[in-house]
Amino acid sequence: MKGFWLFTLLLCSGWLHAQFEEIKYASDFELNGRVERCEVLTPYGREILRFNPDQSLKQITTIFNEEDQEVVTFKYDQGALKEKSIEVLKGGELQPSLSFYHTYTQNDSITEEIVFSFDGQFQAQNRKVSDSLGAPKTLELRNKNSRVVYRYEFFEGAARDSLSTYLDQDLIRLEITDRSLKTEVQKIDVVYTDSLVASIQRKVYDRNDKLLREVDSIFDPNAGLVDSSEKTYSYREGLVAVLKEMRSNQTKTKRFIYQLDNHVSPNWVKRIEQPSNDYTTRIITYFDPNDSIPK
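Residues numbered from 1 in each chain as written. Predicted model: local features only at pLDDT ≥ 70, side-chain atom pairs only at ≥ 80, totals over all residues. Heavy atoms only, no water.

**A word on the overall build of the protein chain**
Our working rule: Each helix is a run of DSSP H or I of at least 4 residues and each strand a run of E of at least 2, with the numbering of both proceeding from the N terminus. Two things to know: the radius of gyration comes from C-alpha atoms, and the globule rule equals 2.2 Å times the number of residues to the power 0.38. Only protein chains enter the accessibility calculation, which uses a 1.4 Å probe; a residue is then buried when its area is under 20% of its type maximum, exposed when over 50%, and partly exposed in between. Each accessible area is a Shrake-Rupley estimate made with a 1.4 Å probe; only the visible protein chains count as cover when residues are assessed. Positive: Lys, Arg. Negative: Asp, Glu. His and the chain ends are not part of the count. Here the site of a charge means NZ on Lys, CZ on Arg, CG on Asp, or CD on Glu.
Each helix and strand in the protein chain was counted, giving two helices and 21 strands. Relative to its length of 295 residues, the protein chain is compact, with a C-alpha radius of gyration of 21 Å against a globular reference of 19 Å. Its C-alpha atoms put the protein chain at 50 × 50 × 40 Å along the principal axes. Here the protein chain holds 295 residues, and the buried ones make up 36% of them. Counting only carbon and sulfur atoms, one obtains 49% of the accessible surface of the protein chain, whose full area is about 17700 Å². Charge separation in the protein chain, taken as the distance between the mean sites of 39 positive and 46 negative side-chain charges, equals 3 Å.

Below, the structure written as structure tokens:
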């Protein structure tokens, strides 16, 4: 049930432990212009995205059926996230033990998140410490039964950045951004288990931040590190036109056809996938162009 809206939230976001809680904007959901509301219709369900005038994400409503829904609401103060609520409804009734209220406080380089369920039960207290450049230094996660501390080492170079994540003294993740190529940027995400490489994900972007290629490799006890899948993307007018996925020596090709609206900065309102002919429809409402953006 949670998978549908979580997929949307995580589509353009980084790893949770490194990013803590990023503010999402309409552009993160392939939306142009001043969008007020975007309803997404798929064969699997319905999702409604609402945005503030500054295009920050205001609310996500995932509708599984008329009585089963999940509503995630974000509130901000001076450009910072202050509150987030997750309301789960089953059979048309709010489920207090499955619904959560998050509050965020910021003090210089420290951000704290406290989580309670709607039935008043304490769930978690998380604390992130950043350096003067905003890069994470530590993240402490506490719940009723445990405490975990992640430590980060960030290196920023002229053409290559890296972020190492440690649990206790063990390196568990290494993220590398390599900008040394003239036309591409490569991002490498390495996951370690017991100090051994467990998986590697490589993503290659063009200079306009369009994803061109991604390769996932996993550790096989018999064969070592092997490529499990590779995807390549090609674009037409800024939208994915062709997706090729290679897995187990088989290649699947998906082609996408779009229908655009008539807005000044056009958005796609229907995407058809071929050869399956599955489609996704978006109903988009814009803010009045005469409305000002609150400062």
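More follows now that the structure is in view.
**As for the nonpolar core**
Formally: In this text, buried Ala, Val, Leu, Ile, Met, Phe, Trp, Tyr and Cys residues form a nonpolar core when linked through side-chain atoms within 4.5 Å. The contact definition used throughout considers only heavy atoms, calling two residues in contact when any of these lie within 4.5 Å.
Core analysis: the biggest nonpolar cluster contains 18 residues, and L31, V35, C38, F51 and I284 have the highest contact counts within it. Listing elements by their share of this core, those giving two or more residues are β1 (35-42), β2 (45-51), β3 (57-63), β4 (69-77), β5 (80-90) and β21 (279-286). Per element, the largest residue contribution to this core is three residues, and it comes from β1. When near neighbours in sequence (up to four residues on either side) are disregarded, C38 contacts L31, E47, I48, L49, R282, I283 and I284.

**Regarding the side chain of N52**
Looking at where N52 falls in the secondary structure, it is placed in the loop between β2 and β3. Note on N52: relative accessible area 17%, which makes it buried. Look past the residues within four positions of N52 in its chain and what remains in contact with it is L57, K58, Y76 and F287.

**Some remarks on the pairing of β1**
Short version of the rule: When DSSP finds at least two bridges between two strands, those strands are taken to pair.
The pairing of β1 with β21 spans six bridges and is antiparallel. Bridge pairing links V40 to R282 in β21. Two strands pair when backbone bridges link them, and β1 and β2 are joined in this way by six bridges, in the antiparallel orientation. Each bridged residue has a counterpart across the sheet, and for V40 the counterpart in β2 is E47. Following β1, the chain reverses through two residues before pairing antiparallel with β2.

**Some details on the packing of aromatic side chains**
Describing an aromatic ring pair means giving the distance of the ring centres and the angle of the ring planes. The cut-off we apply is this: Two rings from Phe, Tyr or Trp (for Trp, the six-membered ring) form a pair when their centres are within 6.5 Å of each other. A pair whose planes differ by under 30 degrees is stacked, one over 60 is edge-to-face, and the rest are tilted. We count a charge as sitting over a ring when the NZ of a lysine or the CZ of an arginine lies within 6 Å of the ring centre and within 35 degrees of the ring normal.
In this structure the tally under the stated criterion is three aromatic pairs. For the cation-ring pair, R151 lies above Y166, with the distance from its terminal atom to the ring centre recorded as 4.4 Å. Stacked on the ring of Y279, the Lys or Arg K270 has its end atom at 5.2 Å from the ring centre.

**Structural notes on the side chain of E47**
Stated formally: Here a polar contact is taken to be a pair of N or O atoms separated by no more than 3.5 Å, where protein atoms must pair a possible hydrogen donor with a possible acceptor and residues adjacent in sequence count only if both atoms sit in side chains.
Secondary-structure assignment places E47 in strand β2. In terms of polar contacts, E47 uses its side chain to reach the side chain of T62, at 3.3 Å.

**Focus on the pairing of strand β16 (residues 211-220)**
In terms of strand pairing, strand β15 (residues 196-206) meets β16 through seven bridges, oriented antiparallel. Counterpart to K203 in the pairing with β16 is E214. Adjacent in sequence and paired antiparallel, β15 and β16 are bridged by four residues, among which D209 carries a positive phi angle near 70°. The sheet contact formed by β16 and strand β17 (residues 224-236) spans eight bridges and is antiparallel. Bridge pairing links E214 to K231 in β17. Hairpin connection between β16 and β17: a loop of three residues separates the two successive antiparallel strands.

**Let's talk about the environment of L239**
Note on placement: L239 falls in strand β18 (residues 239-247). With a relative accessible area of 17%, L239 lands in the buried category.

**Looking at the confidence of the model for the protein chain**
What counts, and what does not: Note: pLDDT gives the predictor's confidence per residue, expressed from 0 to 100.
With 92% of its residues at a pLDDT of 70 or more, the protein chain shows a mean pLDDT of 89. Ignoring residues within four places in sequence, the model shows residues 1-19, a span with pLDDT below 50, making 41 contacts including any to other chains.

**Looking at unusual backbone geometry**
Note the cis peptide between Q274 and P275, where omega equals 15°. One non-glycine residue, E237, adopts positive backbone phi at about 55°. Within the secondary structure layout, E237 lies in the loop between β17 and β18. Here S248, not a glycine, exhibits a phi torsion of approximately 55°, which is positive.

**What to know about the pattern of salt bridges**
Note the following rule: By definition here, a salt bridge exists when the distance from a side-chain nitrogen of Lys or Arg to a carboxyl oxygen of Asp or Glu is within 4 Å.
The tally for this structure, following the rule as stated, stands at 12 salt bridges. Note that E39 and R37 form a salt bridge whose closest N and O atoms lie 3.4 Å from each other. Between E140 and R142 there is a salt bridge, with the nearest N and O atoms lying 2.6 Å from each other. For R142, a relative accessible area of 39% gives the class partly exposed.

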